[in-house]
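# Structural characterization, general
Chain residues, written in single-letter form:
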Amino acid sequence: MYLIDSHCHLDRLDLTAYQGDLSLALNAAHDRGVSHFLAVSVTLDDVAELKDMARQYPTVFASAGVHPLQDLAHEPTVEELVKEAEDELIVAVGETGLDYHYAPESKALQRERFKRHLIAAQKVDKPVIIHTREAKEDTLEMLEQYGPDAKGVLHCFTEDLDMARRGVALGYYISISGIVTFRNADQVREVAKAVPLDALLVETDSPYLAPMPHRGKKCEPQYVRDVAEFIAEQRGISYEELAMQTTANFFRLFKGAKPKITADDLDV
Ligand SMILES: [Zn+2]
Ligand SMILES: [Zn+2]
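Residues numbered from 1 in each chain as written. Chains lettered and ligands numbered in written order. Predicted model: local features only at pLDDT ≥ 70, side-chain atom pairs only at ≥ 80, totals over all residues. Heavy atoms only, no water.

### Considering the coordination of the zinc ion (ligand 1)
Each donor-metal-donor angle would ideally measure 109.5 degrees in four-coordinate tetrahedral geometry, or 90 or 180 degrees in six-coordinate octahedral geometry. Looking at the zinc ion (ligand 1), one finds its protein donor set to be E95 (OE), H131 (ND1) and H155 (NE2), positioned 2.1 to 2.2 Å from the metal centre. When the donors of the zinc ion (ligand 1) are listed by position in the chain, the intervening gaps give E-x35-H-x23-H. In this model, the zinc ion (ligand 1) sits 3.5 Å from the zinc ion (ligand 2), the two metals being bridged by E95. Note that E95 is positioned in strand 4 (residues 90-99) and H155 in strand 6 (residues 152-155), a separation of 60 residues in sequence. Exposure class is identical for E95 and H155. Each is buried. (Donors = N, O, S within 2.8 Å, 3.2 Å for Na, K, Ca; no water. Helix = DSSP H or I, 4+ residues; strand = E, 2+ residues; numbered from the N terminus. Buried < 20%, exposed > 50% of the residue type's maximum accessible area, 1.4 Å probe, protein only.)

Written out as structure tokens, the structure reads:
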């Protein structure tokens, strides 16, 4: 069975160990049963490079959007977002969302930017990748009001179980990163155990947040295997079942992403 890294920043990886060659990092992931990758954009300037990667590597998919804390000098318009997101190589809008932990002073601006992404996602009929931190009620309220029919994912989820449940009730998926392995992450473990299996995704958010036992190293997509094994153990299910379910969830949510290789191809 194979696994998908549903959220990574392939244009920001530290490839020193791979002589700067991304294909070697992807192969290292394939060797551990990681089949596909969603390369997530944080500014619109990233999108061209991510599309190039998706063209070059059939197992890479790309998104288009502006992170709530990035590129503050320029507010993308709905038209700009639609123009980038309507490309067939783009399978999702984001990452977008609200981060009141790092920038509580910009709440109003963040909400306006988030709203534009949600409207753009509805126009192109693609799911949204949502970054949310200490902005529970505003995030849920905006998803309720403006969330696209194609729904989306609350990525690198670190908020409480109540928010996860309410997000799932609205039709959104919950993606768990390597934070779930950190010593102080009891709340994330509680969510990882309780989220319905058919609403769960796994990710690395690499190059950030390397999971145990790789902490201190630069994170890379192959470590999503460690995240998945950890969650499977927490839930008391097999790694194979978790991999199969999260992979099925990924392709159900990101309809523009088509599987390019099978578990047999990877032979793991
Ligand atoms: Zn994020
Ligand atoms: Zn990210």
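Picking up where we left off.
### A word on the layout of surface pockets
By volume, the largest pocket is sized at about 500 Å³. The element contributing the most residues to the lining of the largest pocket is strand 5 (residues 128-133), with 3 residues. A per-class count over the lining of the largest pocket returns 7 nonpolar, 7 polar and 7 charged. Of the voids in this model, the second largest pocket is the one considered here, and its volume is about 150 Å³. Lining the second largest pocket we find V91, D125, K126, P127, A150, Y173, R252, L253, K255 and G256. By residue class, the composition of the lining of the second largest pocket is 5 nonpolar, 1 polar and 4 charged. (1 Å grid on protein atoms, 1.4 Å probe; cavity = no way out; pocket = protein on both sides within 12 Å on 5 of 7 lines; lining within 4 Å. Points joined across faces, edges and corners; volume = space filled by probe spheres on them. Nonpolar A, V, L, I, M, F, W, Y, C, P; charged D, E, K, R; others polar.)

### Describing the pairing of strand 2 (residues 34-39)
Looking along a regular strand, one sees side chains alternate from face to face of the sheet. Taken across its 6 residues, strand 2 has 6 buried, putting it largely inside the fold. Where strand 1 (residues 3-8) meets strand 2, 4 bridges bridge the pair, whose relative direction is parallel. What sits directly across from D5, in strand 2, is F37. In this fold, the crossover linking strand 1 to strand 2 by way of helix 1 (residues 22-31) has right-handed handedness. Two elements, strand 2 and strand 3 (residues 60-64), share 3 bridges in a ladder whose sense is parallel. Bridging across to strand 3, A39 finds its partner in A62. (Pairing = 2+ DSSP bridges. Right-handed = clockwise from strand over helix to strand, strands pointing away.)

### Quick look at the pairing of strand 5
Strand 5 sits mainly inside the fold: 5 of its 6 residues count as buried. Where the polypeptide runs from strand 4 across helix 4 (residues 107-124) and back to strand 5, its parallel neighbour, the crossover connection is right-handed. Pairing of strand 5 with strand 6, which is carried by 4 bridges, proceeds in the parallel orientation. Along strand 6, the bridge assignment pairs I130 with L154. The β-α-β motif built from strand 5, the intervening helix 5 (residues 136-146) and the parallel element strand 6 has right-handed crossover chirality.

### A look at the coordination of the zinc ion (ligand 2)
Taken together, the protein ligands of the zinc ion (ligand 2) are H7 (NE2), H9 (NE2), E95 (OE) and D205 (OD), with distances of 2.1 to 2.4 Å. One can describe the donor arrangement at the zinc ion (ligand 2) as irregular, given that its 4 donor atoms subtend angles of 84 to 178° at the metal. Of note, the donors binding the zinc ion (ligand 2) are all from one chain and are spaced H-x1-H-x85-E-x109-D. On the basis of relative accessibility, which here comes to 2%, the residue H9 falls in the buried class. Judged by its relative accessible area of 9%, D205 falls in the buried class. (Tetrahedral: all angles 85-135°; square planar, octahedral: opposite > 155°, others 65-115°.)

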